Amino acid sequence: KSTLVKLMTGALDPTSGEVKRNAQCRVAIVNQHHADQIDLTLTPLQFLMDRFPGDGSYAHEQALRSHLATCGVLEKQQAVPSSALSGGQRSRVALAAVSYAAPHVL
């Protein structure tokens, strides 16, 4: 599976044949090492706000909060440093971060 994803993203060249990529296709990757993908010193909300600053409005912040909640990061968990979250909760934060941009392939 990882070889296919690497071929799709261009991280790996095929040994034979050719790969045709759609330049408009958004591919997002969540790996098993979610701690490598998130800043553990930030709260989940701060992490998403850093990654997706938007227009800085209250509405944008609410959209990020809603997306975190949809991914299973509860309101209380959104306000504590990610270092205090369990591995499963950190995985949900990583999933929220990669899925917010609405990738075609996740």
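Refer to the structure above for everything that follows.
Described in the following lines is the structure provided in the data block.

What counts and how
- Residues numbered from 1 in each chain as written.
- Predicted model: local features only at pLDDT ≥ 70, side-chain atom pairs only at ≥ 80, totals over all residues.
- Heavy atoms only, no water.
- Salt bridge = Lys/Arg side-chain N within 4 Å of Asp/Glu carboxyl O.
- Helix = DSSP H or I, 4+ residues; strand = E, 2+ residues; numbered from the N terminus.
- Buried < 20%, exposed > 50% of the residue type's maximum accessible area, 1.4 Å probe, protein only.
- Expected span 1.5 Å × (residues − 1).
- Arc of directions from axis to C-beta.
- Axes fitted to C-alpha atoms, helices over the stretch in contact; angles between N-to-C directions.
- Parallel < 35°, antiparallel > 145°, perpendicular 65-115°, else oblique.
- Left-handed = near helix turned anticlockwise from the far one by under 90°.
- Contact = heavy atoms within 4.5 Å.
- Nonpolar A, V, L, I, M, F, W, Y, C, P; charged D, E, K, R; others polar.
- Polar contact = N/O pair within 3.5 Å; in protein donor to acceptor, adjacent residues only side chain to side chain.

## With respect to the pattern of salt bridges
Here comes step 1: Applying the stated criterion across every chain yields a total of one salt bridge.
Here comes step 2: Where Glu 61 meets Arg 65, a salt bridge forms, and the shortest distance between an N and an O atom there is 3.1 Å. You can see Glu 61 and its partner Arg 65 sitting in helix H3 (residues 58–70), four residues apart, about one turn around the helix.
Here comes step 3: The exposure class assigned to Glu 61 is partly exposed, which follows from its relative accessible area of 21%.

## Concerning H3
Here comes step 1: With 13 residues, H3 should reach 18 Å at 1.5 Å per residue; the first-to-last C-alpha distance of 18 Å fits that figure.
Here comes step 2: Those residues of H3 that sit buried are His 60, Leu 64, His 67 and Leu 68. Each buried residue of H3 sits inside an arc of 100° when the element is viewed along its axis, so together they form one side. In H3, the exposed residues that point more than 90 degrees away from the buried face are Tyr 58, Ala 59 and Thr 70.
Here comes step 3: Positive backbone phi, at 95°, marks Gly 72, one or two positions downstream of H3.

## Things to note about the packing of helix H2 (residues 44–51) against helix H4 (residues 87–99)
Axis angle and axis distance: for two packed helices, these are the angle between their axes and the distance between the axes, and together they describe the pair.
Here comes step 1: Interhelical geometry of H2 versus H4 gives an angle of 20° and a closest axis separation of 10 Å. Taken together, H2 and H4 sit at an angle that is classed as roughly parallel. The crossing of H2 and H4 is right-handed. Here Pro 44, Phe 47, Leu 48 and Arg 51 of H2 lie close against H4, whose contacting residues are Val 93, Ala 96 and Ala 97.
Here comes step 2: Of the residues contributing to the contact of H2 with H4, the split by class is six nonpolar, no polar and one charged.

## Describing the side chain of Ser 99
Here comes step 1: Within the element layout of this structure, Ser 99 appears in helix H4.
Here comes step 2: With a relative accessible area of 17%, Ser 99 lands in the buried category.
Here comes step 3: A distance of 2.7 Å separates a polar side-chain atom of Ser 99 from the backbone oxygen of Leu 95.
Here comes step 4: Residue contacts for Ser 99: discarding those within four places in its chain leaves His 67 and Cys 71.

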